[in-house]
Amino acid sequence: MTFDDVVEQEHIVKSLKYSVKSGRIAHAYLFCGTRGTGKTTMAQILSRAINCLNPQNGNPCNECDICKGILSGTILDVIEIDAASNNSVDNVRDLREDVVYTPACTRYKVYIIDEVHMLSAGAFNALLKTLEEPPSHVVFILATTEPNKLPATILSRCQRYDFRRITSGGIAARLHTICAAKGVEFEEEALHLIAGISDGALRDAISILDQCLSIGNGKLKYSDVISITGMADKQIMSLFADSLIEQNISKIISLVNQIAAEGKDISQFISSLILYFRDL
């Protein structure tokens, strides 16, 4: 809900809060980074912060009419566009016709364009003109997992922020907070396992946590995470590692058969095995 809630990414939070406090708002921002690191969330917080009637140390208050309106979707001056499904020249032309109109009740009209790298070449060219000479009341926030696919002409007109992968410790700490807030009992080992397999993406970790809690055991267990995610447990991993070291081919084939028969994801198992050897 606020910049202070964002897990890690302090380098971006500090810069955006300063922009809001000083009133130095850029006309275009580019948020880059792998999935689940907070790009769209940060864009939504920024869209409220720059329009908030009573900002709190750079954060949106989430209490004023503007913040509540943006959160509920009743204020239409903050527009989220999915570039994956609106990637044609016509879509961008409609946007260009729209930007000339002043916002109805906010200070800035904000366009959040998600997965912006999916725009066609023609659409990028159409967007370029708007980014070159944007009206003073418009702010663009572009989010992408693949900034290398964006034309240099677009990149040069945006303030770029690179989102880092979230550390396992940071993810585990947030999962701990969520479980505590929900009143769920949990095994610490289970949280660290979810954090490890989410590969730096907090959204993925929260999805796995929800999935594990939906089985309704009342307590989050390490064994539940293993069964739901299709991971092989440490015992099989240990046996497999020993068999590899001993070059015991028949045992290896037997274990592969067991893993497949249990419906485990083989590619997930290989990733886990690599991590297991690294940890050893």
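See the structure printed just above.
Residues numbered from 1 in each chain as written. Predicted model: local features only at pLDDT ≥ 70, side-chain atom pairs only at ≥ 80, totals over all residues. Heavy atoms only, no water.

A. Molecular detail of the overall build of the chain. When helices and strands are counted, the chain shows 13 helices and 7 strands. Its C-alpha atoms put the chain at 70 × 45 × 30 Å along the principal axes. Restricting the contact set of the chain to residue pairs at least 6 apart, pairs at least 24 apart contribute 74%. Total accessible area on the chain stands at roughly 14300 Å², and carbon and sulfur atoms take up 50% of it. Here the chain carries 27 positive and 33 negative side-chain charges, and the mean point of each set is 6 Å from the other. (Helix = DSSP H or I, 4+ residues; strand = E, 2+ residues; numbered from the N terminus. Contact = heavy atoms within 4.5 Å. Areas by Shrake-Rupley, 256 points an atom, 1.4 Å probe, with all protein chains shown as cover. Lys, Arg positive; Asp, Glu negative; His and termini not counted. Charge placed at Lys NZ, Arg CZ, Asp CG, Glu CD.)

B. Focus on the nonpolar core. Counting 31 residues, the largest nonpolar core has L16, Y29, F31, M42, L46 and I141 as its most contacted members. Elements represented by at least two residues in this core include exactly α1 (10-22), β1 (28-32), α2 (39-49), α3 (65-72), β3 (109-114) and β4 (138-144). Once residues within four sequence positions are removed from consideration, I141 is found in contact with Y29, F31, A43, L46, V110, Y111, I112 and I113. If you look at the next biggest cluster of nonpolar residues, it comprises 24 residues, including V116, A123, L127 and L131. (Core = buried A, V, L, I, M, F, W, Y, C linked by side-chain atoms within 4.5 Å. Buried < 20%, exposed > 50% of the residue type's maximum accessible area, 1.4 Å probe, protein only.)

C. Up close: the layout of surface pockets. In this model, the largest pocket occupies a volume close to 690 Å³. Contributions of two or more residues to the lining of the largest pocket are made by α8 (188-197), α10 (222-229), α11 (234-246) and α13 (266-279). Its volume calculated, the second largest pocket comes out at about 450 Å³. Residue lining of the second largest pocket: 21 residues in total, with G36, T37, G38, T41 and R203 positioned closest to the centre. Listing elements by their share of the lining of the second largest pocket, those giving two or more residues are α2 and α9 (202-213). (1 Å grid on protein atoms, 1.4 Å probe; cavity = no way out; pocket = protein on both sides within 12 Å on 5 of 7 lines; lining within 4 Å. Points joined across faces, edges and corners; volume = space filled by probe spheres on them.)

D. A look at the sheet that holds strand β5 (residues 159-162). Spatial ordering of the open sheet is given by β2-β3-β4-β1-β5, a layout of 5 strands whose pairing is parallel. At either margin of the open sheet sits one strand with a lone partner, and together these are β2 (78-82) and β5. Ignoring which end each strand starts from, the neighbouring axes of this sheet average 15 degrees apart. By the bridge criterion, 5 bridges tie β1 to β4 in an arrangement that is parallel. The residue bridging A28 from the neighbouring strand is F140, located in β4. (Pairing = 2+ DSSP bridges. Axes fitted to C-alpha atoms, helices over the stretch in contact; angles between N-to-C directions.)

E. Quick peek at the packing of α8 against α10. Close contact between α8 and α10 brings their axes to 8 Å; oriented N to C, the two are set at 30 degrees. One way to sum up the angle between α8 and α10 is to call them roughly parallel. When α8 is examined against α10, the residues E189, A190, L193, I194 and I197 are found in contact with a partner set consisting of Y222, V225, I226 and T229. Class assignment for the residues of the contact of α8 with α10 results in 7 nonpolar, 1 polar and 1 charged. (Parallel < 35°, antiparallel > 145°, perpendicular 65-115°, else oblique. Nonpolar A, V, L, I, M, F, W, Y, C, P; charged D, E, K, R; others polar.)

F. The arrangement of the packing of aromatic side chains in detail. Tallied over the full model, the rule gives 7 aromatic pairs. Their ring planes at 25 degrees and their centres at 6.2 Å tell us that Y29 and Y161 sit as a pair that is stacked. Remark: Y161 occurs in strand β5 and Y29 occurs in strand β1; sequence separation between them is 132 residues. Side by side, Y29 and Y161 carry an identical accessibility label, which is buried. Taking 5.5 Å as the distance between ring centres and 25 degrees as the angle between the ring planes, the aromatic pair formed by Y111 and F140 counts as stacked. Here the residue Y111 occupies a position in strand β3, and F140 occupies one in strand β4, the gap between them amounting to 29 residues. Overall, F140 belongs to the buried group, its relative accessible area being 0%. An aromatic cluster is built from Y29, F31, Y161 and F163, whose rings are joined through pairwise contacts. (Phe/Tyr/Trp six-rings, centres within 6.5 Å; stacked < 30°, edge-to-face > 60°.)

G. Focus on the pattern of salt bridges. Taken as a whole and judged by the stated rule, the model has 8 salt bridges. Of the charged contacts, one joins R35 and D204 as a salt bridge, the two residues approaching to 2.7 Å between their closest N and O atoms. Linking R35 in the loop between β1 and α2 with D204 in helix α9, this pair joins segments that are 169 residues apart in sequence. In this structure, R160 engages D162 in a salt bridge whose closest nitrogen and oxygen atoms are separated by 3.2 Å. (Salt bridge = Lys/Arg side-chain N within 4 Å of Asp/Glu carboxyl O.)

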